[in-house]
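Inside the fold
Residue-level listing of the chains:
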Amino acid sequence: MTQEPLRDYMYGKIHRCTVTQADLHYVGSITIDPLLLRAAAILPHTRVDVVNITNGARLQTYVIEGPEGSGVVCLNGAAAHHFAKGDLTIIMAYEQVPLSQIPGRKSRAVHVDEANRIVAIDEYTTPSLDELGKPENNRLAQAYPTRTHPTHDPDEVSNESFD
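Overview of the structure. (Residues numbered from 1 in each chain as written. Predicted model: local features only at pLDDT ≥ 70, side-chain atom pairs only at ≥ 80, totals over all residues. Heavy atoms only, no water.)

Points about the overall build of the protein chain
Selection rule: Strands are runs of DSSP state E lasting at least 2 residues, helices are runs of H or I lasting at least 4, and numbering of each runs from the N terminus. Between buried and exposed lies partly exposed: a residue is buried under 20% and exposed over 50% of the maximum accessible area for its type, with that area taken using a 1.4 Å probe on protein chains only. Only heavy atoms enter the contact rule, under which two residues are in contact if any of them lie within 4.5 Å.
Within the protein chain, the secondary structure is distributed over 2 helices and 9 strands. Overall, the protein chain shows an N-to-C arrangement of helices and strands of β-β-β-α-β-β-β-β-β-β-α. Taken across its 163 residues, the protein chain has 42% of its residues classed as buried. Long-range contacts, defined as pairs at least 24 residues apart, comprise 72% of the intrachain contacts of the protein chain with a sequence gap of at least 6.

Following this line, the structure appears as structure tokens:
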């Protein structure tokens, strides 16, 4: 009997959050405000990818919960070498899903402001292979009106339009 193949599926992310702390002397992981975890459906002790938009670093770690309502996003242990307070980051969570269950599955993106307060939550439905190529599925250069850009970052601002 053959087992159906599994794929890693990105089911939830916290998009463009601000690192509030980097603690080299903590044992490890990333500490996140439970309000953000709930919104992205990310559970403590699960693996996440963390991407540093500011410097390009990317790593995997696991989640621990911080104080609710604090807006905390703290990289702990060795990860603190790659992240600093004020860096912009994306936190992405994955699950193993049978291939046949991916089309139609929802993925959630939590958008936050500079203080890591939730400003929008988007849900995306994954198309099937037959649905690929439809204009409504094309997200190339999709702008997020909830994004803010520092005035010293004209390259990023010029690549997006909010019309």
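Remarks on the packing of aromatic side chains
Here the distance between the centres and the angle between the planes together describe a pair of aromatic rings. The criterion, for reference: A pair of aromatic rings is counted whenever rings of Phe, Tyr or Trp (Trp by its six-membered ring) have centres within 6.5 Å, and the orientation is called stacked for planes under 30 degrees apart, edge-to-face for over 60 and tilted otherwise. Sitting over a ring, as applied to charges here, requires NZ of Lys or CZ of Arg to be within 6 Å of the ring centre and within 35 degrees of the ring normal.
For the coordinates displayed, the defined rule picks out 0 aromatic pairs. A cation over an aromatic ring shows up here: R105 above the ring of Y9, its NZ or CZ 5.9 Å from the ring centre.

Some remarks on a nonpolar patch on the surface
For the record, the criterion: Patch membership requires over 30% relative accessible area and the absence of a salt bridge. Like charges are linked within 9 Å, and nonpolar side chains (Val, Leu, Ile, Met, Phe, Trp, Tyr) within 5 Å. In these tables, accessible area is a Shrake-Rupley quantity obtained with a 1.4 Å probe, and a residue counts as shielded only by the protein chains included in the view. Should a side-chain nitrogen of Lys or Arg be within 4 Å of a carboxyl oxygen of Asp or Glu, the pair is scored as a salt bridge.
A contiguous nonpolar surface patch, about 230 Å² in accessible area, is contributed by L35, I118 and I121. Its location among the elements puts L35 in helix 1 (residues 34-40). Look at L35 and you get partly exposed, because its relative accessible area is 37%.

Details of the pattern of salt bridges
Under the defined criterion, the tally for this structure stands at 5 salt bridges. Between E68 and R38 there is a salt bridge; the shortest N-O distance is 3.2 Å. Of this pair, E68 sits in the loop between strand 5 (58-65) and strand 6 (73-76) while R38 sits in helix 1, and the two are 30 residues apart along the sequence. We note that E68, like R38, is exposed. When the shortest N-O distance is used, the salt bridge between D49 and R58 registers 3.5 Å. Given a relative accessible area of 52%, R58 falls into the exposed group.

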